[in-house]
Amino acid sequence: IWVKKKGLEENIETKTVTYEDLETEEFIRLNPLKKVPALIDSAGTTMFESAVILNYLEDKYSKVAPSFTPFSPESRALVHLFCRIHDLYIASPNCT
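Report on the accompanying structure. Predicted model, so just to flag it, every value in this text is computed and none were measured. (Residues numbered from 1 in each chain as written. Predicted model: local features only at pLDDT ≥ 70, side-chain atom pairs only at ≥ 80, totals over all residues. Heavy atoms only, no water.)

## Here we look at unusual backbone geometry
Here the residue pair valine 36 and proline 37 is connected by a cis peptide bond, since its omega of 5 degrees sits within 30 degrees of zero. By the element assignment, proline 37 lies in the loop between α3 (25-30) and β1 (38-40). The phi dihedral of lysine 34 is positive, around 60 degrees, even though this residue is not glycine. For lysine 34, the position within the fold is in the loop between α3 and β1. (Helix = DSSP H or I, 4+ residues; strand = E, 2+ residues; numbered from the N terminus.)

Dropping the structure here:
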């Protein structure tokens, strides 16, 4: 959604990953937790976790509108809270 809303479909390649793909050595090098998402940037740096990737992309493409980073500290804190709730209580392996 972020890539489409930013209009960066030509700059960022996306791939569908299957459960079998998560178990490959290639994917485990990207994300040792064997989960999606994962990102390889143009310099070959890898990263994973949705909030980390989205913050990185928002910083990297900050000049491309629209910005998805809230202006106020309070609004940014709320976004971070939602991400933490998702990570800890919704997507956590302990919740499945």
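## A few points about the layout of surface pockets
Put simply, the largest pocket is a space of about 1,100 Å³. Forming the boundary of the largest pocket are 30 residues, of which Glu13, Thr14, Lys15, Ala38 and Leu39 lie nearest the centre. Take the lining of the largest pocket: its biggest share by element is six residues, from helix α4 (residues 50-60). Its residues assigned to classes, the lining of the largest pocket shows 17 nonpolar, six polar and seven charged. Counted as a void, the second largest pocket has a volume near 280 Å³. If you list the elements that add at least two residues to the lining of the second largest pocket, you get α4 and α5 (73-90). In terms of residues, the lining of the second largest pocket owes the most to one element, α4, which gives five residues. Across the lining of the second largest pocket, the residue classes tally to seven nonpolar, three polar and three charged. (1 Å grid on protein atoms, 1.4 Å probe; cavity = no way out; pocket = protein on both sides within 12 Å on 5 of 7 lines; lining within 4 Å. Points joined across faces, edges and corners; volume = space filled by probe spheres on them. Nonpolar A, V, L, I, M, F, W, Y, C, P; charged D, E, K, R; others polar.)

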